[in-house]
Amino acid sequence: MATLLEPGVQSLRIGADGERSPTPSPPGSPGTRHSCSIAPLTPSPSPRNEARAPWAASFAVVVAIDFGTTSSGYAFSFASDPEAIHMMRKWEGGDPGVANQKTPTSLLLTPEGIFHSFGYTARDYYHDLDPEEARDWLYFEKFKMKIHSTSDLTMKTELEAVNGKKVQALEVFAHALRFFKQHAVQELREQCPSLPEKDAVRWVITVPAIWKQPAKQFMREAAYKAGLVSPESPEQLLIALEPEAASIYCRKLRLHQLMELSCQPPANGLAPERAVDSSFRQAREQLRRSRHSRTFLVESGIGELWAEMQAGDRYVVADCGGGTVDLTVHQIEKPQGTLKELYKASGGPYGAVGVDLAFERLLCRIFGDDFIGTFKAKRPAAWVDLTIAFEARKRAAAPSRSNPLNISLPFSFIDFYRKHRGHNVETALKKSNVNFVKWSSQGMLRMSSEAMSELFQPTISHIIQHIGELLSKPEVQGIKFLFLVGGFAESAMLQHAVQAAFGAACRVIIPQDVGLTILKGAVLFGLDPTIVRVRRSPLTYGVGVLNKFVEGKHPREKLLVKEGKNWCTDIFEKFVSVDQSVALGEVVQRSYCPARAGQRKTIINIYCCATDDVVYITDAGVRKCGTISLELDDVDEAGGAKRSRREIRASMQFGDTEIKVTAMDIRTSKTVRATIDFLSN
């Protein structure tokens, strides 16, 4: 049996099989070359019948929070009536022509850093502040992207407010989640006064499927800080993957709740470009009229579109949101109707904010990078006004539109530019030689349809490229449907591009109220988290161990001589390989022995890699990504007599939306406190 060593321990016990032993750490150098201090025993996957272990309905209600880059919202469903999904209350404020079923992901803190408001309230209050006063307030928007783009995310990562001041990211996210918790709990109490205050709610938070483990853990830590659940009750909070949630909801849809963009005539014989069902518009109007109820009924079984699918049919969900495009490939499993992931989640930072950034680059071309930078710093509230004006026109952009779109420039922008440059904005436009953008005497930028298309083109091209690359994979052949979901999927520009690129290859489907698809699906996921039965590992995970040194096979620099035996250090022993199918509930087990009697804590370093051909933990692309901590209670040694060495069996689950670990003391059969941490590396 192998023995687990703490960093710095130089003694070594060799297991009876003589094959594996831990890699020792030099004193004071955890996380460096010889930091892996464990020797796993033979892996033992759990039996397959554990994969569909039923979840006990110990909660009264599921509340899902769709935490988006540009907009967010919540919805809930009672366990006693799971076919009814209740949407959040209609938000105050909003933009003309925009259905405010969600609220902007905008947070406002006072100059002292105290929570003031969130959503439309935050945006409107910040807009109304005196320009000089606004420079002291902390306004955050589109901050979710920071979690995806930060390669070294920790609990101390900071976010920059519009005025340039920094606040810990965990505080910002906790403020936002606390806001939704307070709203949701208040509404639940009004609807169900008898609802117990403790342990009655299962919370679900959505994240992109392409997010890595540190980002998922970060959202969980923010939820703990916000008071959604206690760290002692982690099972009360589920992390839902956004395209998975959309897929789960689409299973329930009836034909009149779908719209087909595909060039292929659908099975029911309707012409292309029309709704799947002729009653689509009437149903939508009826929904709009009854929206005060905010309740959506879902099928108790599966929807009509799913009913016509055969076992093994495959489809892609393209979640095009504000910050990312997130692609998932699922296969239908019948008769139970569960879902199986066929290829690891893919995508990138190619959401709708890419169009906003293109607009900012256009303004820099016209007015100069230095001026735009100065204006954002000196007049942050006015800059927000300008982005809001562009957002409204962005939504109106369509391939078929021929007349120009007018974008209002705030008076403070026009005045600030004249004072800063000594001439007016019209002169700047003429000097810039930017095509298709003119100046309107009403104080507006007049953008032609060609100019607007240029803003969309880079982001849409990335999305089309990613979908195309995915569909060309051998594992992803025979796709029948492409579901387009997420807030950006509401854009006619994106719809047209996806239809043109892939309509001949598969049926391109858009669910009704496409921007709420993920939110509704997250509620369904909370009601039954076992619906996605098989997932794919996004990375290769493992630990570093010692193996017997083999001349000619192992490099000499890996040789370690200990107690007269030759060992090869830094061997990467895999828990799971990249893109490997892992069933829900399936576990990988390893057993460890404390290095000495009375040891109270054991730390195991986890390594990851994006490829499957890794051999050593020092190979290129391999990095330490996390740690497993085992808290060991004292074991009474009767009369001080030495008993058999202690064995701790750790079980790791890779088939859920988060990697989880549990542990047990083999001798006593007692649970050992085990935690896994991806944020402290």
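Refer to the structure printed above.
Residues numbered from 1 in each chain as written. Predicted model: local features only at pLDDT ≥ 70, side-chain atom pairs only at ≥ 80, totals over all residues. Heavy atoms only, no water.

Things to note about the overall build of the protein
Here is step 1: Within the protein, the regular secondary structure consists of 16 helices and 33 strands.
Here is step 2: Out of the 681 residues in the protein, the part that is buried amounts to 56%.
Here is step 3: By sequence separation, contacts in the protein at least 24 residues apart represent 70% of the contacts at least 6 residues apart.
Here is step 4: Total accessible area on the protein stands at roughly 28,800 Å², and carbon and sulfur atoms take up 49% of it. (Helix = DSSP H or I, 4+ residues; strand = E, 2+ residues; numbered from the N terminus. Buried < 20%, exposed > 50% of the residue type's maximum accessible area, 1.4 Å probe, protein only. Contact = heavy atoms within 4.5 Å. Areas by Shrake-Rupley, 256 points an atom, 1.4 Å probe, with all protein chains shown as cover.)

Considering helix 9 (residues 353-367)
Here is step 1: The end-to-end C-alpha distance of helix 9, which contains 15 residues, comes to 21 Å, matching closely the 21 Å that a straight helix rising 1.5 Å per residue would cover.
Here is step 2: Taken across its 15 residues, helix 9 has 12 buried, putting it largely inside the fold.
Here is step 3: Along helix 9, the residues that are buried comprise Val 353, Gly 354, Val 355, Asp 356, Ala 358, Phe 359, Glu 360, Leu 362, Leu 363, Cys 364, Ile 366 and Phe 367.
Here is step 4: Positive backbone phi, approximately 100°, marks Gly 368, located one or two places after helix 9. (Expected span 1.5 Å × (residues − 1).)

Some thoughts on the nonpolar core
Here is step 1: If you look at the biggest cluster of nonpolar residues, it comprises 153 residues, and the most contacted ones within it are Phe 140, Trp 203 and Phe 367.
Here is step 2: Counting residues per element, this core draws most heavily on helix 4 (residues 169-191), which supplies 12 residues.
Here is step 3: If you look at the next biggest cluster of nonpolar residues, it comprises 31 residues, including Ile 571, Ile 604, Ile 659 and Ala 663. (Core = buried A, V, L, I, M, F, W, Y, C linked by side-chain atoms within 4.5 Å.)

Concerning the packing of helix 9 against helix 13 (residues 425-432)
Here is step 1: Following both chains from N to C, one finds helix 9 and helix 13 inclined at 95°, their axes separated by 8 Å at the closest point. Overall, the two elements helix 9 and helix 13 adopt an arrangement that is roughly perpendicular. Residues Arg 365, Ile 366 and Phe 367 of helix 9 pack against Val 425, Ala 428, Leu 429 and Ser 432 of helix 13.
Here is step 2: Residues belonging to the contact of helix 9 with helix 13 are distributed by class as follows: five nonpolar, one polar and one charged. (Axes fitted to C-alpha atoms, helices over the stretch in contact; angles between N-to-C directions. Parallel < 35°, antiparallel > 145°, perpendicular 65-115°, else oblique. Nonpolar A, V, L, I, M, F, W, Y, C, P; charged D, E, K, R; others polar.)

Focus: the sheet that holds strand 19 (residues 437-440)
The pairing of strands in a sheet comes from backbone hydrogen bonds and takes either a parallel or an antiparallel form.
Here is step 1: The strand order across the open sheet built from three strands is 18-20-19, with neighbouring strands paired in antiparallel fashion. Only two strands of the sheet have a single neighbouring strand rather than two, namely strand 18 (405-408) and strand 19. Neighbour-to-neighbour, the strand axes of this sheet turn through a mean angle of 30°, independent of strand direction.
Here is step 2: For strand 18 and strand 20 (residues 444-447), the ladder comprises four bridges, and the chain directions are antiparallel. By the bridge assignment for strand 20, Leu 405 is matched with Met 447. (Pairing = 2+ DSSP bridges.)

Here's the deal with the pairing of strand 11 (residues 201-207)
In regular strands, side chains alternate between the two faces of the sheet.
Here is step 1: The buried count for strand 11 comes to seven of seven residues, which makes it a mostly enclosed element.
Here is step 2: Of the two faces of strand 11, both are covered, the one formed by Val 201, Trp 203, Ile 205 and Val 207 as well as the one formed by Arg 202, Val 204 and Thr 206.
Here is step 3: One ladder, built from five bridges, connects strand 2 (residues 61-67) with strand 11; its direction is parallel. By the bridge assignment, Ala 64 is partnered in strand 11 with Val 204.
Here is step 4: As judged from the five bridges shared by strand 11 and strand 12 (residues 237-241), these two strands associate in the parallel manner. Bridging across to strand 12, Val 204 finds its partner in Leu 238.

Thoughts on the side chain of His 466
Here is step 1: Here His 466 is to be found in helix 14 (residues 449-471).
Here is step 2: Residue His 466 is classed as buried on the basis of its relative accessible area, which comes to 16%.
Here is step 3: Engagement of the side chain of His 466 in a polar contact is seen with the backbone oxygen of Gly 347, the distance being 3.3 Å.
Here is step 4: Apart from residues no more than four positions distant in its own chain, His 466 is found in contact with Leu 327, Gly 347, Gly 348 and Tyr 350. (Polar contact = N/O pair within 3.5 Å; in protein donor to acceptor, adjacent residues only side chain to side chain.)

Regarding the packing of aromatic side chains
In this description, an aromatic ring pair is defined by two values, namely the gap between the centres and the angle between the planes.
Here is step 1: Evaluation of the coordinates by the stated rule reveals 27 aromatic pairs.
Here is step 2: With a centroid separation of 6.4 Å and an interplanar angle of 70°, the aromatic rings of Tyr 74 and Phe 180 are classed as edge-to-face. Of this pair, Tyr 74 sits in strand 3 (residues 71-78) while Phe 180 sits in helix 4; the two residues are 106 residues apart in sequence, bridging distant segments of the chain. Each member of the pair Tyr 74 and Phe 180 is classed as buried.
Here is step 3: Clustering of aromatic rings is evident, with ring pairs tying together Phe 367, Phe 371, Phe 375, Phe 413, Phe 416 and Tyr 417. (Phe/Tyr/Trp six-rings, centres within 6.5 Å; stacked < 30°, edge-to-face > 60°.)

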